[in-house]
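Residue-level listing of the chains:
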Amino acid sequence: MHHYRHLHGYKGTNEAFLDGLLAEQVLWCPQVPHTLDFWNIRNLDYVLFNHYEEMKKDIMSVLRKTCKFLGKSYTDEQLEKLAQHLSFDIMKKNPTANQTQLVKALEKVRDTKIDFKFMRKGQSGCHRDELNP
């Protein structure tokens, strides 16, 4: 919804957007069935599902679990460096992670400044502040 407001000019209500998402009437749909397809195979040996909440709580455990899944091993120093690189504060400053080139292209086409950051708050549960129950 954040993307649609800032990048596509969506001006409708949150409820209307979510209804459209669930009805697969939004670009890049079907999002929910696509996610559920992977959720349904999450217990297979060749699928690894990491949750954002887990990464926020203990990134080192998630990195170790991911290394084990991929059959890789790294030193604690390497994992610390990777954890720092993957931190929200660092990624928020990363032009690639924030779709900076896309925003610049849209600004040029529209001849207007777009106030958009892909990485916003980096907190779990913020949907409660933006959506009605």
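Residues numbered from 1 in each chain as written. Predicted model: local features only at pLDDT ≥ 70, side-chain atom pairs only at ≥ 80, totals over all residues. Heavy atoms only, no water.

If you check an unreviewed UniProt entry, the protein chain appears there as Sulfotransferase domain-containing protein from Aedes aegypti. Here the protein chain is described in UniProt, under the heading Sequence similarities (unreviewed entry), as follows: "Belongs to the sulfotransferase 1 family." (UniProt positions renumbered as here; feature names shortened; annotations may be inferred.)

Caption draft 1: Fine view of the layout of surface pockets. Approximately 1100 Å³ is the volume attributed to the largest pocket. Forming the boundary of the largest pocket are 29 residues, of which M1, H2, H3, F118 and R120 lie nearest the centre. It is helix α1 (residues 2-7) that contributes the most residues to the lining of the largest pocket, six residues altogether. For the lining of the largest pocket, the per-class residue count stands at 13 nonpolar, 11 polar and five charged. In this structure, the second largest pocket encloses a volume near 300 Å³. Around the second largest pocket, the lining comprises 14 residues; the ones closest to its centre are Y52, M55, I59, L86 and S87. Sorting the residues of the lining of the second largest pocket by element identifies α4 (52-57), α5 (59-70) and α7 (88-93) as the ones contributing at least two each. With four residues, the single largest contributor to the lining of the second largest pocket is α5. Here the residues of the lining of the second largest pocket are counted per class, giving 10 nonpolar, three polar and one charged. (1 Å grid on protein atoms, 1.4 Å probe; cavity = no way out; pocket = protein on both sides within 12 Å on 5 of 7 lines; lining within 4 Å. Points joined across faces, edges and corners; volume = space filled by probe spheres on them. Helix = DSSP H or I, 4+ residues; strand = E, 2+ residues; numbered from the N terminus. Nonpolar A, V, L, I, M, F, W, Y, C, P; charged D, E, K, R; others polar.)

Caption draft 2: Unusual backbone geometry, seen in detail. The omega torsion across C29 and P30 is 10 degrees, close enough to zero to call that bond cis. Locating P30 in the fold gives a position in the loop between α2 (14-22) and α3 (31-39). The backbone phi angle of E24 is positive, close to 60 degrees, even though this residue is not glycine. For E24, the location among the structural elements is in the loop between α2 and α3.

Caption draft 3: Representation of the packing of α5 against helix α6 (residues 76-85) in the model. Their axes nearest at 10 Å, the elements α5 and α6 cross at an angle of 115 degrees. Seen along the crossing, α5 lies across α6 with a hand that is right-handed. Residues I59, M60, L63, R64 and C67 of α5 form the contact with α6, whose own contacting residues are D76, L79, E80, L82 and A83. For the contact of α5 with α6, a count of residues per class yields seven nonpolar, no polar and three charged. (Axes fitted to C-alpha atoms, helices over the stretch in contact; angles between N-to-C directions. Left-handed = near helix turned anticlockwise from the far one by under 90°. Contact = heavy atoms within 4.5 Å.)

Caption draft 4: Structural context of the pattern of salt bridges. For the structure on display, the rule yields five salt bridges. Across the salt bridge formed by E54 and K65, the nearest N and O atoms sit 3.4 Å from each other. Of this pair, E54 sits in helix α4 while K65 sits in helix α5, and the two are 11 residues apart along the sequence. With a shortest N-O distance of 3.5 Å, K113 and E107 are connected by a salt bridge. Relative accessible area serves as the criterion here: at 16%, E107 is assigned to the buried category. Among the charged side chains, a salt-bridge network with shared partners connects R120, K121 and E130. (Salt bridge = Lys/Arg side-chain N within 4 Å of Asp/Glu carboxyl O. Buried < 20%, exposed > 50% of the residue type's maximum accessible area, 1.4 Å probe, protein only.)

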